[in-house]
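# Coordinate inspection notes
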Amino acid sequence: MSTTNEVVLYGASGYTGRLVAEFLREYSISFTAAGRDKARIEQSLATVPGIDTADYDIAEAPMEKAALTELFKGAKVVCNVTGPFVDYGDIVAEAALDAGAHYIDTTGEQPWVIRCQEHWGPLFAEKNLVCVPSMSYMYATSEIAAQYVLETPGIDTLDVLVLFKGIPTYASTQSFFSVLQHDAFYLQQGKYEKWQPGTSFEVPIPSEVMTALALPWGGMSHPVWFKDDHRVSNVRAIGGNHSRELMNMVLAATEDFEQNIRPLPQDEQKTILLSKADAMQSGMPPRENRRIHRTIDLVRGRGNLSQKSVLLNGTGAYLQTGLLQAVGAFHLLHNAPFKTGFASPCQAFGHNELFGALESYGLIKMEENI
Ligand SMILES: NC(=O)c1ccc[n+]([C@@H]2O[C@H](COP(=O)([O-])OP(=O)(O)OC[C@H]3O[C@@H](n4cnc5c(N)ncnc54)[C@H](OP(=O)(O)O)[C@@H]3O)[C@@H](O)[C@H]2O)c1
């Protein structure tokens, strides 16, 4: 069954899918809430605030290229919130491309972002479509800060720190474990350099006297976005969860992978990693509380003689993700993207625009030169 709505949300039954649905309603966008299990989507969407006034229908389609291409026919935008993207991204992106729809997703997996840049980007560009992975918290929000930093002439080096409070969801945990099999990169003098597995940093928290443990988190999306930006030579992005207990578990899991799992065949590695992710997170976290689940996105920029920093104090990492997806879809329904092919959120939709949207919902506030 092809859709009569211009936006298809694939993965609507998940934690993030629900939030995207909530913000699509805020933007009065009619959408098809899709996924592999209709009953689960119905159950999940029933909990979305204000859903009775949303204009949507529900469609069931398995994670298969033919079924998804058929589903996406007639849509202008596909919002993909099914991870791990290293496993499922190709299927959904190819179906969107074949159906002639723009593609945006919520990934935080660097290997998938590189895959979009190298493989899918040129194919989307040929059709005047855009492919925007990481239209989500941890990435788009800190990219906004980075773009403001880069307005200072001479800045060529970006250090990015992202910290959030909250419980990662089932698929977020699976995504994190999935990328352990892949190398993680930062950018040095325009070239990818590999992070040593197990690298960690003790970082000051801008608003606290405490410090936090931050990790390269699989490399993050920023080194990929800025690789071809002539202004930028060096990018190091690190981050994680505010909870030291959780970060210690993540670090221990990384060390366990390097010592005990990496020597095994790839398929076996994958099975073990996914079962470890299952053991760490198996339930649906509660809806975020904006007084508790705060976020920090800090970017420090440096040139030979210049420096600039931008801090975004925010709240609700997953709420921000829901809003960002809706803002991207809204833009694409009304205007062409600022860039076709592979694009970062700010390249596709503009950092002022994305900042304005998040600020107007009370989700981020900017401080400069802290
Ligand atoms: N970068 C960020 O800050 C950020 C923020 C939010 C989300 N994300 C990413 O977005 C993804 C989704 O996160 P989430 O919070 O929504 O997780 P979630 O609550 O676990 O939901 C996962 C969704 O994916 C669907 N799915 C999983 N495997 C599937 C398959 N084989 N075929 C079809 N559908 C499948 C699930 O459908 P069922 O209900 O049928 O299982 C569900 O709708 C994750 O990869 C996460 O890392 C990233």
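Use the structure listed above.
Small disclaimer: the values here were computed from a predicted structure and weren't measured. (Residues numbered from 1 in each chain as written. Predicted model: local features only at pLDDT ≥ 70, side-chain atom pairs only at ≥ 80, totals over all residues. Heavy atoms only, no water.)

All told, the structure shown has 15 salt bridges when counted by the stated rule. Here Asp-37 makes a salt bridge to Arg-40, at a shortest N to O gap of 3.6 Å. By relative accessible area, Asp-37 is classed as partly exposed at 24%. By relative accessible area, Arg-40 is classed as partly exposed at 40%. Where Asp-87 meets Lys-270, a salt bridge forms, and the shortest distance between an N and an O atom there is 2.8 Å. Of this pair, Asp-87 sits in helix α4 (residues 85-99) while Lys-270 sits in helix α10 (residues 266-280), and the two are 183 residues apart along the sequence. Put simply, Lys-65, Glu-94 and Asp-98 are held in one network by salt bridges that share partners. (Salt bridge = Lys/Arg side-chain N within 4 Å of Asp/Glu carboxyl O. Buried < 20%, exposed > 50% of the residue type's maximum accessible area, 1.4 Å probe, protein only. Helix = DSSP H or I, 4+ residues; strand = E, 2+ residues; numbered from the N terminus.)

Our focus in this paragraph is the site of the ligand. Surrounding the ligand, one finds 26 residues, the nearest of these being Ser-13, Arg-40, Tyr-137, Thr-169 and Ser-175. Take Ala-171: an N or O atom from its main chain is 3.0 Å from an oxygen atom of the ligand. The fraction of the free accessible surface of the ligand (910 Å²) that becomes covered by protein chains is 89%. Those elements that provide at least two residues to the shell around the ligand are α1 (15-26), α4, α7 (170-178) and α11 (317-334). Element by element, the count of residues in the shell around the ligand is highest for α7, at 4 residues. Looking at the shell around the ligand, its residues break down into 12 nonpolar, 12 polar and 2 charged. (Near = heavy atom within 4 Å. Polar contact = N/O pair within 3.5 Å; in protein donor to acceptor, adjacent residues only side chain to side chain. Areas by Shrake-Rupley, 256 points an atom, 1.4 Å probe, with all protein chains shown as cover. Nonpolar A, V, L, I, M, F, W, Y, C, P; charged D, E, K, R; others polar.)

With that out of the way, let us pick up the sheet that holds strand β3 (residues 56-60). On the basis of which strands lie adjacent, the open sheet formed by 7 strands has the order β3-β2-β1-β4-β5-β6-β15 and parallel pairing. The two strands at the open ends of the sheet, each matched to only one other strand, are β3 and β15 (341-342). Across 4 bridges, strand β4 (residues 77-80) lies against strand β5 (residues 102-105) in parallel orientation. Residue pairing in the sheet places Val-78 in a bridge with Tyr-103 of β5. Sheet strands in contact with helix α3 (residues 65-72) are β1 (7-10), β2 (31-35), β3 and β4, and its direction is about 150 degrees off that of β1. α11 contacts β1, β4, β5 and β6 (130-132) of the sheet and is inclined by roughly 170 degrees relative to β5. (Pairing = 2+ DSSP bridges. Contact = heavy atoms within 4.5 Å. Axes fitted to C-alpha atoms, helices over the stretch in contact; angles between N-to-C directions.)

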